[in-house]
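# Remarks on the overall topology
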2 protein chains.
Amino acid sequence: MHRQFSLQPFSRHYSHSTHPFLDFLDFDGSEPTSAGEPSAAAHIVVRPAERAQLLDVLAAYKDAQNAGTLLTLTFVTVNDYLWLLRAVSQELSQLGRSCLYYLAAAVSDFFLPRQRMSEHKIQSGKGSLHIEMDQVPKILKPLVAEWTREGYIVSFKLETDEALLVPKARQALARYGHQVVIGNDLHRRKFEVVFVSPKASAPRADQGESVPGEHYEESWLRIDLEQHPQKEIEEDIVSELVKRHQAWIAAASAASA
Amino acid sequence: MHRQFSLQPFSRHYSHSTHPFLDFLDFDGSEPTSAGEPSAAAHIVVRPAERAQLLDVLAAYKDAQNAGTLLTLTFVTVNDYLWLLRAVSQELSQLGRSCLYYLAAAVSDFFLPRQRMSEHKIQSGKGSLHIEMDQVPKILKPLVAEWTREGYIVSFKLETDEALLVPKARQALARYGHQVVIGNDLHRRKFEVVFVSPKASAPRADQGESVPGEHYEESWLRIDLEQHPQKEIEEDIVSELVKRHQAWIAAASAASA
């Protein structure tokens, strides 16, 4: 699920603003016609310097398409997102523990309810503009408790004040009872994140927000961008989550055996 | 001048969301290697159905690049935009009447002053959010009166309430004293706009907002999208403006002769 016009898998490498694809296409050697127009037979070719990367991206894109492993769903408003997530998670709940939810969309915390929206464009010239926005409903609660009770749910917590990162992540786990919060600091998120999760021995979150800190564990994941400037931290996040998800499936089988 | 990540000339035909370019690239006929990977010698080719359009777009793009007729300037905030426009218009004022300003950027009417911005991410969980935004300074006033006194200035007025369109356009001309306002209705803007301008006999706008309606003239421009679904109204807007701009240059030469 992605917001319409956000960067997307694969094509994200070719942002029109920062890496425009028209810049690395050329006409091949055939002579232009007298008017300087390309002839009807002209071929469009990729510049040599860009070929290797585009081959990789294109191959990965076609693999995913052919294998049918990527379904993209578009939303625009917070409302769209919440309804879509509910429908998807209710369907996927059939998969039980095999399903992992990676809830990375940076959904806004506040929204303007439809009944308070202006029918027409707001006229300026009347001084300043006052807006009162409501809180977006906390979707994790019904997701965990009702829609997909067995899914492995990974949520994200972005902060700008590093001191709040771990406390807010623990608070979310205590409140919603899901499996992992990945905390990241706005300025350090490209090379450092923290996985916060309940300890195996921890009481389930039905106790609400009173679960004390010793019931959670943190593990930090850092990459060295100076050594590996092309590396993306998401690769390591995903590997770590796959490991944890598999252990979690195995634990359930062991318990029921 | 364009906001970063907005659609841009040429590449706008290939939005990643609605017409993704990766979808019309293919590997050529050479055999994939056993792993299903393209071989190192594979060529990337454009699908036949997309070739003609891409040839046109690419040729036009390269023409503009080679001729040096398109300079793109990026802004992010309203503040960036205002300072950039001031600097550009002050430089271009050397061109006198030869310079036309097509001010189509839909700059917001309100903004949040830096001193009222939160240092850290705003915490939710404290109920609703109140925002008070200030009006963005009206840039047309100094643009017309100070920065580029002789430029031919075209501004835009978008409304959702059609009854306001012509009155608001006239009001802008009365207030700022520039040459043309192009009015458009949000729902009809792809096929209908109105040019509002002062009549040749009209008093200059130094009289402020008291200039009555009979001093302005409107001319409507409409295109028939059912007959010509590919047509874009901007083509006709630009032709009309070129005509008006040339007449306006000629009138000044005649007056001074």
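Per chain, residue numbering runs from 1 following the sequence as it is written. Written order decides the labels, with chains lettered from A and ligands numbered from 1. Totals for whole chains, interfaces and linings use all residues, but because this is a predicted model, local features are given only for residues with pLDDT of at least 70 and pairs of side-chain atoms are given and counted only at 80 or more. The side-chain figures draw on all heavy atoms in the structure; neither hydrogens nor water molecules are used.

Under the annotation held in an unreviewed UniProt entry, chain A carries the name Phosphopantothenate--cysteine ligase CAB2 and is attributed to Trametes pubescens. UniProt positions are given in the numbering used here, feature names are shortened, and annotations may be inferred rather than shown by experiment. Turning to chain A, the UniProt record has this under Sequence similarities (unreviewed entry): "Belongs to the PPC synthetase family."

### As for the environment of B:Glu132
Structurally, B:Glu132 can be placed in strand S7 (residues 129–135). Taking the C-alpha atoms as reference points, B:Glu132 and B:Leu112, separated by 20 residues in sequence, lie 7.3 Å from one another. Secondary structure elements are defined from DSSP: runs of H or I of at least 4 residues count as helices, runs of E of at least 2 residues count as strands, and each element is numbered from the N terminus.

### Some thoughts on the nonpolar core
Among the nonpolar cores identified, the biggest contains 30 residues, and A:Phe21, A:Leu54, B:Phe21 and B:Leu54 are the most heavily contacted of them. Put simply, the parts of the chain that give this core at least two residues each are strand S3 (44–46) and helix H1 (48–67) of chain A together with strand S3 (44–46) and helix H1 (48–67) of chain B. Every residue pair with non-hydrogen atoms within 4.5 Å of one another is taken to be in contact. Ignoring anything within four residues of it in the chain, the contact list for B:Phe21 reads A:Tyr14, A:Phe21, A:Phe24, A:Leu54 and B:His16. Here the nonpolar core consists of buried residues drawn from Ala, Val, Leu, Ile, Met, Phe, Trp, Tyr and Cys, with membership extended through side-chain atoms lying within 4.5 Å. Accessible area is worked out with a 1.4 Å probe on protein chains only. A residue is then buried under 20% of its type maximum, exposed over 50%, and partly exposed in between.

### Some details on the side chain of A:Ser155
Residue and element names in this part refer to chain A. Inspection of the secondary structure assignment puts Ser155 in strand S8 (residues 152–159). When its relative accessible area of 6% is taken as the criterion, Ser155 is described as buried. Distance and chemistry together define a polar contact, namely a pair of N or O atoms within 3.5 Å, with one atom able to donate a hydrogen and the other to accept it when in protein, and with adjacent residues in sequence counting only for side-chain atoms on both sides. Within the structure, Ser155 has its side chain in polar contact with the side chain of His178 (distance 2.9 Å). Contacts of Ser155, omitting those with residues within four sequence positions, involve Leu103, Leu140, His178, Val180, Val181 and Ile182.

### Some details on the relation of the copies chain B and chain A
Put simply, the second copy of the chain is the first one after a rotation about an axis and a shift along it. A residue counts toward the fit only if its pLDDT is at least 70 in both copies, and the copies are then superposed by least squares on the C-alpha atoms of those residues. Rotating chain B by 180° about the axis while translating it 0.0 Å along that axis superimposes it on chain A, leaving an RMSD of 0.0 Å. Within this description, the copies of the chain are treated as partners about a two-fold rotation axis. In terms of C-alpha distance to the rotation axis, chain B has B:Ile131 as its closest residue, with the C-alpha 2.5 Å off the axis. Both copies contact each other with a shared surface, as 100% of the interface residues of chain B are interface residues in chain A too.

### So, the sheet that holds strand S11 (residues 216–222) of chain B
Residue and element names in this part refer to chain B. Sheet architecture is open: 5 strands sit in the order S5-S8-S9-S10-S11, paired in mixed fashion. With partners counted over all chains shown, the strands left at the sheet margins are strand S5 (100–103) and S11, one partner each. Across the sheet, the mean angle from the axis of one strand to that of its neighbour is 20°, orientation sign disregarded. Along the sheet, helix H3 (residues 140–147) makes contact with S5 and strand S8 (152–159), crossing S8 at roughly 170°. Strand pairing is assigned whenever DSSP detects at least two bridges linking the two strands. Axis geometry follows a simple rule: fit a line to the C-alpha atoms, using only the stretch in contact for helices, then measure angles between N-to-C directions, giving values from 0 to 180 degrees.

### Some words on a nonpolar patch on the surface
Patches here: salt-bridge-free residues with over 30% relative accessible area, like charges joined within 9 Å, nonpolar side chains (Val, Leu, Ile, Met, Phe, Trp, Tyr) joined within 5 Å. Residue exposure ignores everything except the shown protein chains as possible cover, and the areas themselves are Shrake-Rupley values with a 1.4 Å probe. Salt bridges are counted wherever a side-chain nitrogen of Lys or Arg sits within 4 Å of a carboxyl oxygen of Asp or Glu. Residues A:Tyr102, A:Val238 and A:Val242 make up a contiguous nonpolar surface patch of about 220 Å² in total accessible area. In this structure A:Tyr102 comes out as partly exposed when scored by relative accessible area, which is 33%.

### Quick notes on the pairing of S8(A)
All names here are of chain A. Of the strand pairs in this sheet, strand S5 (residues 100–103) and S8 are connected by 4 bridges, and their pairing is parallel. The residue bridging Tyr101 from the neighbouring strand is Ile153, located in S8. Across 6 bridges, the pairing between S8 and strand S9 (residues 180–185) is parallel. Opposite Leu158, over in S9, you have Asn184 as the bridge partner. On the question of chirality, the crossover connecting S8 to the parallel S9 by way of helix H4 (residues 165–176) is right-handed. By convention a crossover is right-handed if, when the strands point away from the viewer, the path from the first strand over the helix to the second runs clockwise.

### Some points on the interface of chain B and chain A
Each partner contributes to the interface: chain B provides 62 residues, whereas chain A provides 62 residues. The term buried area refers to how much accessible surface (probe radius 1.4 Å) is lost by two components on association, counted for both of them together. Overall, the association of chain B and chain A removes approximately 5,400 Å² of surface from exposure, summing both partners, and the carbon and sulfur fraction of that is 57%. Inspection of the chain B/chain A interface yields 2 salt bridges. Where chain B packs against chain A, one counts 33 residue pairs in polar contact (both at pLDDT 80 or more). Those elements giving two or more residues to the side of chain B that touches chain A turn out to be strand S2 (25–27), S3, H1, S7 and S8 of chain B. Ranked by residues supplied to the side of chain B that touches chain A, first place goes to H1(B) with 10 residues. Residues are grouped as follows: Ala, Val, Leu, Ile, Met, Phe, Trp, Tyr, Cys and Pro are nonpolar; Asp, Glu, Lys and Arg are charged; all remaining types, including Gly, are polar. Class assignment of the residues belonging to the side of chain B that touches chain A gives a composition of 27 nonpolar, 18 polar and 17 charged. Note: strand S7 (residues 129–135) of chain A against S7(B), 5 bridges, orientation antiparallel. Across the sheet, A:Ile131 pairs through a bridge with B:Ile131, a residue of S7(B).

### Comments concerning the environment of A:Val242
Its location among the elements puts A:Val242 in helix H5 (residues 233–256). On a C-alpha basis, the gap between A:Val242 and A:Leu100 in space is 8.9 Å, while along the polypeptide they are 142 residues apart.

### Details of unusual backbone geometry
At A:Phe10, a residue that is not glycine, the phi angle is positive and equals roughly 75°. Considering the arrangement of structural elements, one finds A:Phe10 in the loop between strand S1 (2–3) and strand S2 (25–27).

### Looking at H5(A)
For H5(A), with 24 residues, the first-to-last C-alpha span of 35 Å sits near the 34 Å given by 1.5 Å per residue. In this structure, the buried side of H5(A) is in contact with S5, S8, S9, strand S10 (192–198) and strand S11 (216–222) of chain A. In this analysis, the expected span of each helix is defined as 1.5 Å times one less than the number of residues it contains.

### Points about the packing of aromatic side chains
Centres within 6.5 Å are what make two rings of Phe, Tyr or Trp a pair, Trp counting through its six-membered ring; a difference in plane orientation under 30 degrees is then read as stacked, over 60 as edge-to-face, and the rest as tilted. A complete count under the given rule lists 13 aromatic pairs over all chains for this structure. Ring centres of A:Phe10 and A:Tyr61 lie 5.4 Å apart, and the angle between their planes is 65°; on these two criteria the pair is classed as edge-to-face. Of this pair, A:Phe10 sits in the loop between S1 and S2 while A:Tyr61 sits in helix H1, and the two are 51 residues apart along the sequence. Given a relative accessible area of 18%, A:Phe10 falls into the buried group. By way of ring pairs, the aromatic residues A:Tyr14, A:Phe21, A:Phe24, B:Tyr14, B:Phe21 and B:Phe24 are connected into one cluster. Lysine and arginine charges are scored as sitting over a ring when NZ or CZ, respectively, is within 6 Å of the ring centre and within 35 degrees of the ring normal. Across the ring face of A:Trp248, the terminal group of A:Arg97 is positioned such that the distance to the ring centre comes to 3.8 Å.

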